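# Chains, contacts and geometry: an overview
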Amino acid sequence: MSEHQIGTKCVQGGYVPGNGEPRQIPIIQSTTFKYATSEDMGKLFDLEASGYFYTRLQNPTNDHVAAKICALEGGTAAMLTSSGQAANFYAIFNIANCGDHVVASSTIYGGTYNLFHVTMRKMGIDFTFVSPDCAPEELDAAFRPNTKAVFGETIANPALTVLDIEKFAKAAHAHGVPLIVDNTFATPVNCRPFQWGCDIVTHSTTKYMDGHGAGVGGCIVDSGNFDWMAHADQFPGLTTPDDSYHGITYAEKFGQAGAFITKCTAQLMRDFGSIQSPQNAFLLNLGLESLHVRMPRHCENALAVARYLKAHPKIGFVTYPGLEGDKYHDLAQKYMPQGTCGVVSFGFKGGRTAAETFMKHLKLAAIETHVADARTCTLHPASATHRQMNDQELESAGITPDLVRFSCGLEDAADLIADIQQALEQV
Ligand SMILES: *Cc1c(COP(=O)(O)O)cnc(C)c1O
């Protein structure tokens, strides 16, 4: 598949049926798998043979879909998780332990911020948040001897900042650690972070990849580019024997291409079990089959909405990296010249009250804690996803009290604009 274009990979990647086998990916609705001998099964438990034994760790349906996302990103190995939250947790926890430290962009998704800032801190992992726009020296100064990774979002949800992937990759590599990028909003159709030096990509597949509001899910993809052995002291989990698998050293046994995902499956999936259900993986694959057709329409609608809002007298600001004159337009042009995402943020001259009134009068656009759906949906983050944050934290996350996040679906742009227009008349 690697020689094919992105659209062909969306449709056909990850699963190649043999003669007489099902054309569509079969849903393997089975918790367990049968073996002829205990020796056969023993080999699986020793990671000496690849195969399936229990769906808490791995399932063939999931692996076909993960292989498709792996092909889309241009990676070497991938795994599905039950949610985007699980994907980001696993991606970090696979290489950072109690006592370690991670550098993260401050404008990340609120759920990820909570995971890092509150929950993972309780596990003894410390985080330093830096502005995605920080100068290279400032980024450099955030590192400590115990730093194990750098994390950011291609396009941040909902701040819509664009990550300067090359800048972050350069800093990470100068300190001998990988860059992990959450590529949920851009999707591999619009941006492939591995081409810019990113080492590991994560996704909330709940968003554009599923695209129809049908299933919560996540994915982790490894580029295979990070040389764990060259930084063996930093990453003992990958470069020293794992006693729970008869002393296997992941980076030796599975090489640079497979070590990260194998360890993540063998240890974290085994112990935490945040597996995606095969049913959901099947639905996710249906979404992936049209991802390359849907993304341009999401972007087209968002650009039309952003241009309309920009010209409206009641609107204080519009943030959309695809919009001419946007602070991140140049970075977006560099990293995702074909389009960014379908999400537009904007604020009101009338402040928080105007935002609340506007939301109340929308008819087509539904108020939801969701984005990146076929149906247009909208949210007022200060009263929903980000309500745990104080004003200062909101500001550093790039969110003001009047900000509305508007996720353009696949409807006709004229109808979306008409809906916005009638709601604005009430403000
Ligand atoms: C939604 C989202 C997540 C969390 O994903 P879930 O599937 O809801 O767990 C993580 N990162 C980004 C950028 C998101 O938009």
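Residues numbered from 1 in each chain as written. Predicted model: local features only at pLDDT ≥ 70, side-chain atom pairs only at ≥ 80, totals over all residues. Heavy atoms only, no water.

The next point concerns the overall build of the protein chain. Within the protein chain one finds 17 helices and twelve strands. For 427 residues, the compact-globule estimate of 2.2 N^0.38 gives 22 Å, and the protein chain sits close to it at 22 Å. Taking all contacts inside the protein chain whose residues are at least 6 apart in sequence as the whole, residues at least 24 apart take part in 73%. Working note: accessible area of the protein chain is about 16900 Å², and carbon and sulfur atoms make up 52% of it. (Helix = DSSP H or I, 4+ residues; strand = E, 2+ residues; numbered from the N terminus. Rg over C-alpha atoms; globule rule 2.2 N^0.38 Å. Contact = heavy atoms within 4.5 Å. Areas by Shrake-Rupley, 256 points an atom, 1.4 Å probe, with all protein chains shown as cover.)

With mixed pairing, seven strands are arranged side by side in an open sheet as β1-β7-β6-β5-β4-β2-β3. Looking at the sheet topology across the chains shown, the edges are occupied by β1 (77-81) and β3 (126-130). The average angle at which neighbouring strand axes cross in this sheet is 20 degrees, direction not considered. Direction of pairing for strand β2 (residues 101-105) relative to strand β4 (residues 147-153): parallel, over a ladder of four bridges. (Pairing = 2+ DSSP bridges. Axes fitted to C-alpha atoms, helices over the stretch in contact; angles between N-to-C directions.)

The full set close to the ligand counts 16 residues, and N157, D182, S204, T206 and K207 are the nearest of them. The separation between an oxygen atom of the ligand and a polar main-chain atom of G84 is 2.9 Å. One of the side-chain N or O atoms of T206 is found 2.6 Å from an oxygen atom in the ligand. The protein chains hide 93% of the 380 Å² of surface that the ligand would expose on its own. Ranked by residues supplied to the shell around the ligand, first place goes to helix α4 (residues 84-93) with three residues. Of the residues assigned to the shell around the ligand, the class counts are three nonpolar, ten polar and three charged. (Near = heavy atom within 4 Å. Polar contact = N/O pair within 3.5 Å; in protein donor to acceptor, adjacent residues only side chain to side chain. Nonpolar A, V, L, I, M, F, W, Y, C, P; charged D, E, K, R; others polar.)

Attention now moves to the sheet that holds strand β8 (residues 315-319). With mixed pairing, the five strands of this open sheet are ordered in space as β8-β9-β12-β11-β10. Looking along the sheet, the strands with just one partner apiece sit at the ends: β8 and β10 (366-367). Where strand β11 (residues 377-379) lies against strand β12 (residues 404-407), three bridges are found, and the strand directions are antiparallel. When the sheet's bridge partners are listed, L379 is paired in β12 with R405. Packed on one face of the sheet, helix α13 (residues 291-310) meets β8, β9 (343-348) and β12 and runs near 15 degrees to β9. Each of β9, β10, β11 and β12 is contacted by helix α15 (residues 351-361), which is oriented at about 125 degrees to β9, the strand it contacts most.

Given a rise of 1.5 Å per residue, 13 residues ought to cover 18 Å, and the 18 Å separating the end C-alpha atoms of helix α17 (residues 413-425) matches this to within 8%. When α17 is considered as a whole, its buried residues turn out to be L416, I417, D419, I420, Q422, A423 and L424. In this structure, the buried residues of α17 make contact with α13, β8, β9, α15 and β12. (Expected span 1.5 Å × (residues − 1). Buried < 20%, exposed > 50% of the residue type's maximum accessible area, 1.4 Å probe, protein only.)

Note that G287 resides in helix α12 (residues 278-288). What makes G287 buried here is its relative accessible area of 1%. With 46 residues separating them in the primary sequence, G287 and Q333 have C-alpha atoms 26 Å apart. Discounting residues that sit within four places of it in the chain, G287 has contacts with M209, D210, H212 and R294.

Under the domain assignment used here, the protein chain contains domain 1 (6-286) and domain 2 (292-424). Look at where the C-alpha atoms of domain 1 and domain 2 centre, and you get two points 28 Å apart. Carbon and sulfur atoms supply 62% of the area that domain 1 and domain 2 bury against each other, a total of about 3200 Å² over both sides. When the area that domain 1 buries against domain 2 is broken down by residue, the three leading residues are L160, N190 and Y208, summing to 23%. Our count for the contact surface shared by domain 1 and domain 2 stands at two salt bridges. Between D133 and K327 there is a salt bridge whose closest N-O contact spans 2.9 Å. Where domain 1 packs against domain 2, one counts 16 residue pairs in polar contact (both at pLDDT 80 or more). For the side of domain 1 that touches domain 2, the leading source of residues is helix α5 (residues 110-122), giving four residues. Along the lines of polarity and charge, the residues of the side of domain 1 that touches domain 2 split into 17 nonpolar, 15 polar and six charged. (Domains from an automatic or database assignment. Buried area = accessible area lost by both parts, 1.4 Å probe. Salt bridge = Lys/Arg side-chain N within 4 Å of Asp/Glu carboxyl O.)

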